[in-house]
Amino acid sequence: MLQKTGLLALLLMVLEWTRPGLPSPLRPICDLRVLNHFIKEARDAEDAMKSCREGCSLSESVTVPQTTVDFEIWENKNGSEQAQEVQSGLYLLQQALSLLRSSVTNTALHSHIDNSLRNLLSINAVLRSLNIQEYTPPASAAELEGTWRLSTATDLLQVHVNFLRGKVHLLLSDAQACQQDVS
């Protein structure tokens, strides 16, 4: 009996040492090299699409975010408005790339599109790490401002690259959680 309680005590001690700690909040991901990697992979997908000859078209037109940035207007928006604009754009791109994935029959492009979709999810995780409020998409993409429709896969992937290089980069480079305390 003494041996059993000794083993039980030892087991409990080992379990206590290996017990996962309390979940810690995400640390901000402020290194723009992460975003630059996603931009490079988006360019790779765009290049692969440009060289595709068959089975690489969208089945219907899609709504995408505007990629042009009027810096005066952007600077006058607060961080929350900027984040909302980026998150709605990421949502639209995710919807459009998902449709592209189901439309494309060229299997060589599937890995590029899948990678682009995973990268969009990763960017959303980066935004969460910066304490940017979770985005709730509207019932319809028609409710979103600053959008346009396109019908070619090449245009979609070009918008994807430009959106990452533009508004996403601006938001991440100016994120409050990444600003160094200068005292």
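Residues numbered from 1 in each chain as written. Predicted model: local features only at pLDDT ≥ 70, side-chain atom pairs only at ≥ 80, totals over all residues. Heavy atoms only, no water.

Caption draft 1: Spatial organisation of the overall build of the protein chain. Scanning the protein chain for helices and strands turns up 6 helices and 2 strands. N-terminal to C-terminal, the α/β element order of the protein chain is α-α-β-α-α-α-β-α. For the protein chain, buried positions account for 37% of its 183 residues. The long-range fraction of contacts in the protein chain, counting pairs at least 24 apart against all pairs at least 6 apart in sequence, stands at 88%. Only carbon and sulfur atoms are counted for the fraction: they give 52% of the accessible area of the protein chain, which is about 11600 Å². (Helix = DSSP H or I, 4+ residues; strand = E, 2+ residues; numbered from the N terminus. Buried < 20%, exposed > 50% of the residue type's maximum accessible area, 1.4 Å probe, protein only. Contact = heavy atoms within 4.5 Å. Areas by Shrake-Rupley, 256 points an atom, 1.4 Å probe, with all protein chains shown as cover.)

Caption draft 2: Fine view of the pairing of strand E1 (residues 62-65). Burial of E1 is two-sided: the residues Val62 and Val64 facing one way and the residues Thr63 and Pro65 facing the other way are all buried. Pairing analysis gives 4 bridges linking E1 to strand E2 (residues 147-150), with the strands arranged antiparallel. The partner of threonine 63 across the bridge, within E2, is arginine 149. (Pairing = 2+ DSSP bridges.)

Caption draft 3: Representation of the packing of helix H4 (residues 79-103) against helix H5 (residues 107-129). Put simply, H4 and H5 touch, their axes get as near as 10 Å, and they point 160° apart. What the angle tells us is that H4 and H5 run roughly antiparallel. For H4 against H5, the interelement crossing comes out left-handed. The segment H4 lies against H5, with Val86, Gln87, Leu90, Leu93, Gln94, Leu97, Ser98, Leu100 and Arg101 engaging His110, Ile113, Asp114, Ser116, Leu117, Leu120, Leu121, Ile123, Asn124 and Leu127. Across the contact of H4 with H5, the residue classes break down as 11 nonpolar, 6 polar and 2 charged. (Axes fitted to C-alpha atoms, helices over the stretch in contact; angles between N-to-C directions. Parallel < 35°, antiparallel > 145°, perpendicular 65-115°, else oblique. Left-handed = near helix turned anticlockwise from the far one by under 90°. Nonpolar A, V, L, I, M, F, W, Y, C, P; charged D, E, K, R; others polar.)

Caption draft 4: Seen up close, the environment of valine 69. With respect to the secondary-structure elements, valine 69 resides in the loop between E1 and helix H3 (71-76). Overall, valine 69 belongs to the partly exposed group, its relative accessible area being 22%. The sequence separation of valine 69 and phenylalanine 163 amounts to 94 residues, and the corresponding C-alpha distance is 9.6 Å. With residues up to four places along the chain from it excluded, the contact list for valine 69 reads Trp74, Lys167 and Leu170.

Caption draft 5: Main features of the pattern of salt bridges. All told, the structure shown has 6 salt bridges when counted by the stated rule. In this structure, glutamate 46 and lysine 50 form a salt bridge, with 3.6 Å as the shortest nitrogen-oxygen distance. Of this pair, glutamate 46 and lysine 50 both sit in helix H2 (residues 32-51), 4 residues apart, which is roughly one turn of that helix. Close ionic contact of glutamate 85 with lysine 167 constitutes a salt bridge, the shortest N to O distance being 2.5 Å. Here glutamate 85, found in helix H4, pairs with lysine 167, found in helix H6 (residues 153-173); they are 82 residues apart in sequence, far enough to count as distant. We classify glutamate 85 as buried; its relative accessible area is 19%. (Salt bridge = Lys/Arg side-chain N within 4 Å of Asp/Glu carboxyl O.)

Caption draft 6: Expanded view of the state of the cysteines. Going through the model one piece at a time under the given rule, you end up with 1 disulfide. Here cysteine 52 pairs with cysteine 56 through a disulfide, and the sulfurs are 1.9 Å apart. Note on the cysteine 52 and cysteine 56 pair: the S-S dihedral is about -95°, so by sign convention the disulfide is left-handed. Assigned by exposure class, cysteine 52 and cysteine 56 land together as buried. (Disulfide = S-S within 2.5 Å.)

Don't take any of this as a statement about function, it's just geometry.
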